[in-house]
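Close look at the chain arrangement
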Amino acid sequence: METGNGPKLFRYDLGKKVTAFSTQRQGGVSEGTYTSFNANSFCGDDPAHVSHNRQLLCNTLGLQPENLIIPHQTHHDKVCKIDKEFLKKSENQRLETLEGIDAVMTDLPNVCVCVSTADCIPILLYDACHHAVAAAHAGWRGTVLSITERTIEAMKDSYDTNPAELRAVIGPGISIDAFEVGDEVYETFRDARFPMEDIAKPYPTGNGGEHKWHIDLWEANFKTLENTGIPAANIQVAGICTYNNNDRFFSARRSGIHSGRILNGIMMTE
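Here goes a summary of the coordinates provided. All figures in this text were calculated on a predicted structure; none of them were measured in a lab.

Calculation criteria
- Residues numbered from 1 in each chain as written.
- Predicted model: local features only at pLDDT ≥ 70, side-chain atom pairs only at ≥ 80, totals over all residues.
- Heavy atoms only, no water.
- Salt bridge = Lys/Arg side-chain N within 4 Å of Asp/Glu carboxyl O.
- Buried < 20%, exposed > 50% of the residue type's maximum accessible area, 1.4 Å probe, protein only.
- Helix = DSSP H or I, 4+ residues; strand = E, 2+ residues; numbered from the N terminus.
- Arc of directions from axis to C-beta.
- Contact = heavy atoms within 4.5 Å.
- Core = buried A, V, L, I, M, F, W, Y, C linked by side-chain atoms within 4.5 Å.
- Pairing = 2+ DSSP bridges.
- Axes fitted to C-alpha atoms, helices over the stretch in contact; angles between N-to-C directions.

The next subject is the pattern of salt bridges. Tallying each qualifying case throughout the model produces six salt bridges. Bridged by salt links that share partners, the residues D198, E219 and K223 form one connected network.

So, in structure tokens, the structure goes:
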């Protein structure tokens, strides 16, 4: 196995005592459609490669491997709190706890909470006042289910977070130009009372004047964050389309579901 030289990170500036990032494809040991930095163990990659890549990331972050928290996401709206009791659990107990989780949060320093994406939208949150962070996985289903709003509500309950003081990141994900959807997806967003005039546009198909709907997940999540009370000035948007930048970031629409995943993480330092 090649050793890999460590992941190339796309970093976000959220403050002096917080590290936030999205991994790029370079710097790992995975092969084929997983080339080369894939740290997700739920997408069919060689477990030895995944383990090696995780260690490379921990080396880069100066992090203990047991403090790298990666849930098994299922496009739902469950949020998991990572506390000292969680860290005491066995590996099997941790896996059970993180099954079906699409957002993770913690107030512990040197614990990196992560979500995996490959076209879906990662949301990273930092509460500098109460020293807490969260990561949420907002695909179109999670966006409709208000996973980001539920995460912020969980932070309010656990850490007394005030949304007006939160800093947020909308990381790399599929852009409106690349995200064509069927009428049923459009209707699902409409039924959830999203402002369709702002987040949806008909694109010509080139087939006799027919059009297909495209959804802007960046804008949909931006508006959700604003509606929770986060000032627009506190929301960073990476503005990187995974589908159109598949040489740097994984895209399931481009490469299929049996391909790598971007790891989006956030952690506080002491």
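Here we come to helix 6 (residues 183-191). Since there are 3.6 residues in each turn of an α-helix, residues three or four apart along the chain are aligned in direction. Buried residues of helix 6: V185, Y186 and F189, and no others. For helix 6, the buried positions fall inside an angular range of 100° around the axis, keeping them on one side. Projecting away from the buried face of helix 6 at angles above 90 degrees are the exposed residues E184 and D191. As for helix 6, its buried residues are in contact with helix 4 (140-144), strand 10 (180-181), helix 7 (196-199), strand 11 (200-204), strand 12 (211-215) and helix 8 (217-228). At the exit of helix 6 stands R193, carrying a positive phi of roughly 70°.

Core analysis: the largest hydrophobic core is formed by 38 residues, its most contacted members being L125, F189, I215 and L225. If we ignore the near neighbours within four places in the chain, the residues touching L225 are I123, L125, T148, I152, A168, I170, I230 and I235. Grouped together as the second largest cluster of nonpolar side chains are 22 residues, I69, L98, V133 and V169 included.

Glancing now at the sheet that holds strand 5 (residues 103-106). In space, the six strands of this open sheet follow the order 4-5-8-7-9-13, with mixed pairing throughout. Across the chains shown, the open sheet's two edge strands, defined by having one partner strand only, are strand 4 (79-82) and strand 13 (235-237). Strand-to-strand, the axes of this sheet are offset by a mean angle of 15°, without reference to chain direction. Its contacts with the sheet put helix 5 (residues 147-159) on strand 4, strand 5, strand 7 (121-127), strand 8 (132-138) and strand 9 (166-170), and the angle it makes with strand 8 is roughly 160°. Across the sheet, helix 8 is in contact with strand 7, strand 8, strand 9 and strand 13; its angle to strand 7 comes to roughly 25°.

Ordered in space as 1-2-14-6-3, the five strands form an open sheet in which the pairing is mixed. At either margin of the open sheet sits one strand with a lone partner, and together these are strand 1 (9-12) and strand 3 (68-69). Note: strand 3 against strand 6 (residues 112-117), two bridges, orientation parallel. Looking across to strand 6, one finds that L68 is bridged to C112.

Moving on, we get to the pairing of strand 14 (residues 262-268). Where burial is concerned, most of strand 14 is hidden: seven out of the seven residues are buried. Residues I262, N264, I266 and M268 point to one face of strand 14 and L263, G265 and M267 to the other, with burial holding for every one of them. When strand 2 (residues 18-23) meets strand 14, the two strands line up antiparallel, connected through five bridges. Opposite A20, over in strand 14, you have I266 as the bridge partner. Where strand 6 lies against strand 14, five bridges are found, and the strand directions are antiparallel. Of the residues in strand 14, the one forming a bridge with V113 is I266.

None of the figures reported here should be taken as evidence of function without further support.
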